[in-house]
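Now for the letters of each chain:
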Amino acid sequence: MYSIIVHGGAGEHKNTKEAKKGVIRAVKKGENTLKECKNPIKSVEESIKVLEEDINFNAGRGSVLTKKGEIKMDASIANSKKEIGAVANITDIKHPISLAKKIMKNKDHLLLGGKQATKHAIELGLETSNPYTKKRIKEWQEKKEQKNPPYSLSDTVGAVAINNKGKIAAGTSTGGKSLKQDGRIGDSPLFGAGTYVNKDIGASATGTGEGIIKSLLTSKVYEKYNKEKNLRKAIKKSIEEHTKHISKKINSCGVIAIDKKYNISFNKNTTHLPVAYTKEGEEISSNL
Ligand code: GLY
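Residues numbered from 1 in each chain as written. Predicted model: local features only at pLDDT ≥ 70, side-chain atom pairs only at ≥ 80, totals over all residues. Heavy atoms only, no water.

A. View of the sheet that holds strand 7 (residues 195-197). The strand order 7-8-9-10 describes an open sheet built from 4 strands, whose pairing is antiparallel. For this open sheet the edge positions go to strand 7 and strand 10 (264-268), each flanked by a neighbour on one side alone. Between one strand axis and the next, the sheet turns by 10° as a mean value, whatever way the strands run. Alignment of strand 8 (residues 201-207) against strand 9 (residues 253-259), held across 7 bridges, turns out to be antiparallel. Note that in strand 9 the partner of Ile 201 across the bridge is Asp 259. Sheet strands touched by helix 7 (residues 217-228): strand 7, strand 8 and strand 9. Its angle to strand 8, the strand with the most contacts, is close to 140°. (Pairing = 2+ DSSP bridges. Helix = DSSP H or I, 4+ residues; strand = E, 2+ residues; numbered from the N terminus. Axes fitted to C-alpha atoms, helices over the stretch in contact; angles between N-to-C directions. Contact = heavy atoms within 4.5 Å.)

B. Summary view of the packing of helix 1 (residues 16-37) against helix 2 (residues 40-53). Contact geometry for helix 1 and helix 2: axes closest at 8 Å, N-to-C directions at 155°. Considering their axes alone, helix 1 and helix 2 lie roughly antiparallel with respect to each other. Considering the relative orientation of helix 1 and helix 2, their crossing is right-handed. Contacts between helix 1 and helix 2 involve Gly 22, Val 23, Arg 25, Ala 26, Lys 29, Gly 30, Thr 33, Leu 34 and Cys 37 from the former and Pro 40, Lys 42, Ser 43, Glu 46, Ser 47, Val 50 and Leu 51 from the latter. Its residues assigned to classes, the contact of helix 1 with helix 2 shows 7 nonpolar, 5 polar and 4 charged. (Parallel < 35°, antiparallel > 145°, perpendicular 65-115°, else oblique. Left-handed = near helix turned anticlockwise from the far one by under 90°. Nonpolar A, V, L, I, M, F, W, Y, C, P; charged D, E, K, R; others polar.)

C. A look at the pairing of strand 5 (residues 157-162). Within strand 5, 6 of the 6 residues are buried, which leaves the element mostly enclosed by the surrounding structure. Here strand 5 shows no split at all, with Val 157, Ala 159 and Ala 161 on one side and Gly 158, Val 160 and Ile 162 on the other all buried. The pairing of strand 1 (residues 3-7) with strand 5 spans 5 bridges and is antiparallel. Its bridge partner being in strand 5, Val 6 is matched across the sheet by Ala 159. In this structure, strand 5 lies alongside strand 6 (residues 168-174), joined through 6 bridges in antiparallel fashion. For Gly 158, the partnering residue across the bridge sits in strand 6 and is Thr 172. Linking strand 5 to strand 6, which pair antiparallel, is a turn of 5 residues; within it Gly 166 sits at a positive phi near 80°. (Buried < 20%, exposed > 50% of the residue type's maximum accessible area, 1.4 Å probe, protein only.)

This is the structure in structure tokens:
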């Protein structure tokens with residue numbers, strides 16, 4: 001048995017057709033990886049790599065630009081043993097999630113940031129790329145002309161997978177908020193905020209990082225799951241609580257999760273949260 005779910009970010013997706021294609025492509029890749037090597041971490045990494053290469057999503061090549069017009073990416077990945085790898089504010093690396101995965105194996109640190117992290121990725125032989133797309137540069141030029149540009153467009157990506165032995169992995173990758181302050185780090189690299197895994201559940205969150213950090217959204221889902229023993233209710237209640245207690249300006253969010261019983265669930269308080277998911281023996285489904 002296995003289950004896998006991927007998301008393309010909470011927010012308003014202008015092109016839902018492309019978003020649907022993208023999340024389906026990603027879940028297919030993740031499913032094939034699970035079938036081939038039964039490794040949920042590898043499956044999560046491969047799914048997220050597909051989304052990081054898709055310019056329709058705010059991660060990797062599709063990352064939005066900072067106030068200064070730069071790209072600074074955050075990511076994290078973790079497994080049921082709470083082995084965690086994370087990166088913050090990295091540039092020029094094609095797959096931030098792969099750097100997070102490499103860091104996961106390190107015994108001395110679990111979160112690397114900035115120029116040093118990018119340098120480390122190059123030393124490790126990870127692929128570099130120029131993530132500046134015409135689409136994002138145009139959006140950035142338009143937004144910085146506006147008096148009150150939209151606060152956030154956090155179309156972060158993420159994936160959660162469980163293998164035949166009940167081992168769970170989850171990961172999250174993002175370009176962060178558009179027009180963000182130089183140096184700003186969101187929820188995506190933070191365990192318990194953007195990504196959470198233990199032996200019972202795995203979860204990836206998306207939305208405005210400042211709010212997600214305040215409510216530790218993915219670990220909140222686990223707390224509620226622990227009481228309710230119902231994944232769907234745990235996510236629903238967590239999002240309701242988050243929406244109520246976090247100020248409106250920073251409370252947009254979405255969560256995907258899988259539990260140890262192979263249940264898959266997701267919810268959001270935004271217009272869209274493109275997801276695609278499947279279980280062994282089932283067709284791939286999407287909510288778009
Ligand atoms: N959720 C992504 C961010 O706020 O950076």
